Amino acid sequence: MLVTDSKELLPLFIAGERRLGRGDEGATLYPATGEVVARLRAPSQADVEEAIAAADHAFRTSGWAQRKPHERAAVLHRVAALIRERAEPLAQRQRLDNGKPIPETRNLVASAAGTFQFFAAALETMEEAMTPSRGDFFTMSVFEPMGVVAAITPWNSPIASEAQKLAPALAAGNAVVIKPAEVTPLMALELAALCEEAGVPRGMVSVLPGRGSVIGDAITKHPLVKRVSFTGGTSTGKHIARIAADKMMPVSLELGGKSATMVLEDADLDHAVNGVLYGIFSSSGESCIAGSRLFVARKLYEGFLDKLATRAAALRVGDPADERTQMGPLITAKHRETIESFVALGRSEGGQLLTGGKRPEGALYDKGNYYLPTILAGLKNSDRICQEEIFGPVLVAMPFDDEEDLLRQANDSVYALAAGIWTRDYQKAWRIGRAVQAGTVWINTYKQFSISTPFGGWRDSGLGREKGRLGIQQYMEQKSLYWGLNTNPIAWAN
Ligand code: NAD
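Residues numbered from 1 in each chain as written. Predicted model: local features only at pLDDT ≥ 70, side-chain atom pairs only at ≥ 80, totals over all residues. Heavy atoms only, no water.

### With respect to the pairing of strand E16 (residues 374–377)
In step 1: Of the two faces of E16, the one carrying Thr374 and Leu376 and the one carrying Ile375 and Ala377 are both buried.
In step 2: Strand direction decides the pairing type here: strand E15 (residues 352–355) and E16, joined by three bridges, are antiparallel. Paired with Gln352 across the strands is Ala377, a residue of E16.
In step 3: Sheet topology note: the E16/strand E17 (residues 394–400) ladder contains three bridges and is parallel. The partner of Thr374 across the bridge, within E17, is Val394. (Buried < 20%, exposed > 50% of the residue type's maximum accessible area, 1.4 Å probe, protein only. Helix = DSSP H or I, 4+ residues; strand = E, 2+ residues; numbered from the N terminus. Pairing = 2+ DSSP bridges.)

Here it is, written out as structure tokens:
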């Protein structure tokens, strides 16, 4: 593990070296208490230049891209094994870095190990195609690494979202510059250390935590950066897409959401209540796929909301180190203020508070950024509170009359990341599952993931897909090869 004494400055990974950044000094704070977890100095513009130049050099000279797939895969398997070996300290560190309850950070660490393992396997079994030829030549479709690629990540699930980019990008043979969110730099630094220990050549992974508008922007604009894989807010994603258009650079954008959860008249209500609670309030709602808009069949509406509000009020909000905690604090005090202003907006739009809507009280909560699970009803889907992403533990609930009304409301959003359907009727599940516009649809479950299943959003929720067997090719350029077989010269020139 890296330095844990909060008085010492934490080294970054720049240009193949562990050294301090040369930018402003900052600290990562434990959201539950406000205590300093680690201090570090952000990278400077010169650090960005050096890291990218070194990554380009390592890409061209380290031989990583030329290693056979099974050789690179062996290193990725070692990274997975090291993550598993250090799972508990990593999970505890991530808890301190972003305040998620310990059972959740354990899951994120396990998912990061699984991601390296999956992409190692995908790499070893990745095929290139010999395509049907239409002449006296062989035709082949092959893939080449790109060079230096950048991974820009948010603060909500660091180790999992960073692994999701780092593993396929390295598998593809690229060098990777990671720009983690400024408030959660620790997991990217840990991953870089584990990659080095596992045998990824020096300089192939750099970690440049720092302000997005400065460091993220400089990385995105850099001519040697050949691809950006971004996860974060939609406005930042659009900004990156504009820069990418100027450079003709491929990007993948995993952006925001305002996902609809739909409870049909014939749903198993015990399952639905649990699923809705988990979908919005786990991770304190700080989840792109949070089921933040609830649509309930009008007949069930009042009874379902009564039950839901009672259960939400009983969720265990508290210390992220406590194994029984269901909701930890929010990431920062500022983010909590944003959520409070959203709830005030919802109420000014006519929203009726069914539960929550305030900070919890008591000594445990004094120093942390806690907020209670909150449900608002009595709103229209067109209200701002039902259209804008809150990224916190706030659910808006609305009734629907029939399938047509449900789909019209559910699809009326600029976002289209995920959706959930609760019904016992498989035909309705099929019809609605196909008609709802979203990158991922869960039927009688919510917020479940497999690394083998592609993930991404439509519309303002993003562009491109991560995960899945083709995840490695996202970090490669495709090339067509024609091998002439004719022994005679091309006749045209005679
Ligand atoms: P954000 O857009 O503010 O920041 C994300 C990352 O981008 C950070 O590392 C930040 O420093 C960097 N950044 C900011 N400005 C930049 C710029 N001009 N150029 C380059 N990089 C820049 O988002 P956030 O507040 O950290 O995260 C919350 C958002 O992320 C929410 O909208 C959430 O829905 C989204 N998110 C999406 C997914 C998904 O897979 N679709 C997953 C998690 C989070």
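Further notes follow.
### Regarding the nonpolar core
Nonpolar side chains tend toward joint burial in soluble globular proteins.
In step 1: Within the largest apolar cluster, 150 residues are counted, with the highest numbers of intra-cluster contacts made by Ile83, Phe116, Met262, Val263, Leu294, Phe304 and Leu308.
In step 2: Element by element, the count of residues in this core is highest for helix H4 (residues 102–124), at 11 residues.
In step 3: When residues of this core are assigned to domains, at least three fall in each of domain 1 (12–255 + 461–479) and domain 2 (260–443).
In step 4: In this structure, Ile83 is in contact with Leu90, Val109, Ala112, Ala113, Phe116, Leu191 and Leu194, ignoring residues within four places of it in sequence. (Core = buried A, V, L, I, M, F, W, Y, C linked by side-chain atoms within 4.5 Å. Domains from an automatic or database assignment. Contact = heavy atoms within 4.5 Å.)

### Regarding unusual backbone geometry
In step 1: Positive phi is not limited to glycine here, since Met248 has a value of about 50°.
In step 2: Following the sequence through the fold, Met248 ends up in the loop between helix H8 (234–247) and strand E12 (251–254).
In step 3: At Arg459, a position not held by glycine, the phi torsion is positive, near 45°.
In step 4: Mapped onto the fold, Arg459 is located in strand E21 (residues 458–459).
In step 5: A residue is classified by how much of its surface remains accessible, and Arg459, at 38% relative accessible area, is partly exposed.

### Structural notes on the packing of aromatic side chains
In step 1: On inspection of all chains with the given rule, the structure shows seven aromatic pairs.
In step 2: Ring geometry for Phe118 versus Phe119: centroids 5.1 Å apart, planes at 80°, classification edge-to-face.
In step 3: Assessed through its relative accessible area of 18%, Phe118 is described here as buried.
In step 4: Judged by centre distance (5.8 Å) and plane angle (70°), the ring pair of Trp442 and Phe449 falls under edge-to-face.
In step 5: Through a chain of ring-to-ring contacts, the aromatic side chains of Trp442, Tyr446, Phe449 and Phe455 assemble into a single cluster. (Phe/Tyr/Trp six-rings, centres within 6.5 Å; stacked < 30°, edge-to-face > 60°.)

### A closer look at helix H13 (residues 403–410)
For an α-helix, the turn length of 3.6 residues means that residues three or four places apart are oriented alike.
In step 1: Within the span of H13, buried status applies to Asp405, Leu406, Leu407, Gln409 and Ala410.
In step 2: Turning to H13, the residues buried within the fold contact strand E13 (260–263), strand E14 (293–297), E17 and helix H14 (426–435).

### Considerations on the sheet that holds strand E6 (residues 129–131)
Hydrogen bonding along the main chain pairs the strands of a sheet, whether they run parallel or antiparallel.
In step 1: Across the sheet, three strands lie side by side as E6-E7-E23; this open sheet has antiparallel pairing. Two strands close off the open sheet at either side, each with one partner strand: E6 and strand E23 (476–484). If you compare each strand with its neighbour and ignore which way they point, the axes differ by 30° on average.
In step 2: In the sheet, E6 pairs with strand E7 (residues 137–145) via three bridges, with the strands oriented antiparallel. Bridge assignment links Ala129 to a residue of E7, and that residue is Ser141. (Axes fitted to C-alpha atoms, helices over the stretch in contact; angles between N-to-C directions.)

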